[in-house]
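Report on the structure
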Amino acid sequence: MLSGMYIHIPFCLNKCNYCDFLSFKSTDEEREKYVAALINEINMYPKFPLETVYFGGGTPSLLTPEQVSRILNNLNIKNNAEITLEVNPKTVTLEKFKLFKKAGINRVSIGIQSFNDELLKTLGRLHSSSEGEEAFYFARKAGFDNISLDLMFSLPNQTLKDLKSDLNRLFSLRPEHFSIYSLIWEEGTDFFSKLEAGIYKETDNDLEASMYELIIDEAQKNGYIHYEISNFCLPEKRAIHNTKYWKNEEYLGIGIGASGYYQDVRYKNVLKIPEYYAKISDNVKPILEEEFVDSDEKEIYEYILGLRIIPDGIIPKGKYIDLCNNLVDEGFLIKNNFRYILSKKGILMANDVFSKFI
Ligand SMILES: C[S@@+](CC[C@H](N)C(=O)[O-])C[C@H]1O[C@@H](n2cnc3c(N)ncnc32)[C@H](O)[C@@H]1O
Ligand code: SF4
């Protein structure tokens with residue numbers, strides 16, 4: 001049965017130079033109106049017993065703990081559920097973390113991006129590296145024992161040495177989990193204009209691969225499990241919510257621009273706030289587009305998403321067994337009984353491997 005919910009909070013203090021996530025500036029009144037609309041949307045769905053709730057953004061930590069608590073009070077949450085809130089370091093204090101914990105949040109994912117102050121400025125982040133670290137210490141002090149940190153690599157002019165020093169600071173904090181994404185040059189961002197204008201240039205492929213290998217090696221040396229292409233954790237600390245996506249399980253997506261997967265349909269909500277409010281006040285689900293997933297497509301999704309969970313991999317059926325055996329011969333997969341998992345070469349060229357299934 002469906003047991004995960006994603007809630008999108010589309011507000012940020014400021015737009016970062018690289019980011020095209022659905023988010024904008026807001027007032028206290030706007031956030032209050034949005035929270036009321038979210039609760040109405042939540043109440044349009046059955047009260048599934050939830051094992052995971054994920055507040056993503058945007059910047060969910062811009063909400064007040066009281067608003068978070070009000071949203072959670074409208075859900076049917078199982079005991080020991082994982083309840084994650086994404087946090088921007090500029091929006092939190094020790095006191096606020098304590099109140100988020102009291103509201104029911106038990107996992108935080110803090111957007112660090114880098115510990116290099118010059119790079120943070122280039123990225124358009126409002127916080128310094130020490131404010132990033134301070135946010136981590138506040139969360140710990142408030143009693144969070146499940147903290148994830150978000151970083152990026154392959155940033156403009158970043159060297160291997162810069163990355164190594166980011167990794168050293170990351171491992172010195174010893175979060176339970178971290179994600180590290182290679183920069184995507186998204187159209188419409190300040191970064192993309194600078195790329196087109198020749199002010200920035202993309203990281204050369206060999207350097208990007210060396211950076212990714214450095215991350216994998218250093219993570220392993222420090223006791224972290226590389227359990228998904230961009231995600232690492234200490235033992236038993238996988239992100240339970242995200243793992244539901246990779247296992248192709250159904251989940252509800254709430255809020256503007258949120259995606260969901262419910263009753264064999266993948267859907268995406270409307271992208272504009274006025275349209276969202278209009279649908280909610282008409283008591284209609286604010287869905288923009290829907291795609292029915294038939295059993296063949298479901299199988300393909302299961303393989304492509306399943307391979308992302310590196311230690312688990314997939315158990316293919318039918319014609320996909322031959323495909324996987326060929327990928328073993330080419331060195332992209334490793335076979336372990338009936339299970340196929342990505343090899344080191346497969347991890348480095350994961351998108352090429354996934355494309356073979358389509
Ligand atoms: C919603 S944000 C995290 C919370 C909060 N908004 C913040 O930035 O502090 C999700 C993460 O996506 C990653 N991200 C955003 N834009 C990206 C891009 N263009 N390329 C790679 N990663 C990106 C960043 O690591 C970011 O922390
Ligand atoms: S990276 Fe985070 S804080 Fe920056 S604009 Fe995107 S969602 Fe907002």
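Residues numbered from 1 in each chain as written. Chains lettered and ligands numbered in written order. Predicted model: local features only at pLDDT ≥ 70, side-chain atom pairs only at ≥ 80, totals over all residues. Heavy atoms only, no water.

Turning next to the site of ligand 1. Close to ligand 1 lie 18 residues; Gly58, Gln113, Arg125, Asp150 and Ile184 are nearest. For ligand 1, a nitrogen atom lies 2.9 Å from a polar atom in the backbone of isoleucine 184. Protein chains bury 94% of the 560 Å² of accessible surface belonging to ligand 1 in isolation. Elements with a minimum of two residues in the shell around ligand 1: strand S3 (77-87), strand S4 (107-113), strand S5 (147-153) and strand S6 (177-182). (Near = heavy atom within 4 Å. Polar contact = N/O pair within 3.5 Å; in protein donor to acceptor, adjacent residues only side chain to side chain. Areas by Shrake-Rupley, 256 points an atom, 1.4 Å probe, with all protein chains shown as cover. Helix = DSSP H or I, 4+ residues; strand = E, 2+ residues; numbered from the N terminus.)

Summed over all chains, the structure comprises 18 salt bridges. Arginine 31 is the salt-bridge partner of aspartate 28, the closest N and O atoms lying 2.7 Å from each other. Of this pair, aspartate 28 and arginine 31 both sit in helix H1 (residues 28-42), three residues apart, roughly one helical turn. On the accessibility criterion, arginine 31 (12% relative accessible area) is buried. Residues joined in a network through salt bridges with shared partners are Glu51, Lys78, Lys244 and Glu249. (Salt bridge = Lys/Arg side-chain N within 4 Å of Asp/Glu carboxyl O. Buried < 20%, exposed > 50% of the residue type's maximum accessible area, 1.4 Å probe, protein only.)

Another point: the sheet that holds strand S12 (residues 287-292). Strand pairing within a sheet occurs via backbone hydrogen bonds; the two strands may be parallel or antiparallel. Spatial strand order, S10-S11-S12: three strands in an open sheet with antiparallel pairing. If you trace the sheet from one side to the other, it starts and ends with strand S10 (259-262) and S12, each paired once. With direction set aside, neighbouring strand axes in the sheet form an average angle of 20°. Where strand S11 (residues 265-269) lies against S12, five bridges are found, and the strand directions are antiparallel. Counted as the bridge partner of asparagine 269 is isoleucine 287 from S12. Contacting S10, S11 and S12, helix H11 (residues 295-308) crosses the sheet at an angle of about 100° to S12. (Pairing = 2+ DSSP bridges. Axes fitted to C-alpha atoms, helices over the stretch in contact; angles between N-to-C directions. Contact = heavy atoms within 4.5 Å.)

This next bit is on the UniProt feature "domain: Radical SAM core" (unreviewed entry) in the protein. Taking the numbering used here, the UniProt-annotated feature "domain: Radical SAM core" (unreviewed entry) corresponds to residues 1-225. Helix and strand shares over residues 1-225 are 40% and 20% respectively, and the end C-alpha atoms of the span are 28 Å apart. (UniProt positions renumbered as here; feature names shortened; annotations may be inferred.)

Counting through the fold element by element, glutamate 250 comes out in the loop between helix H9 (240-246) and strand S9 (252-254). In sequence terms glutamate 250 and isoleucine 229 are 21 residues apart; their C-alpha atoms lie 21 Å from each other. The residues touching glutamate 250, leaving out its near neighbours within four places in the chain, are Leu2, Ser3, Tyr261, Tyr262, Gln263 and Asp264. From its side chain, glutamate 250 meets the backbone nitrogen of aspartate 264 in a polar contact 2.8 Å long.

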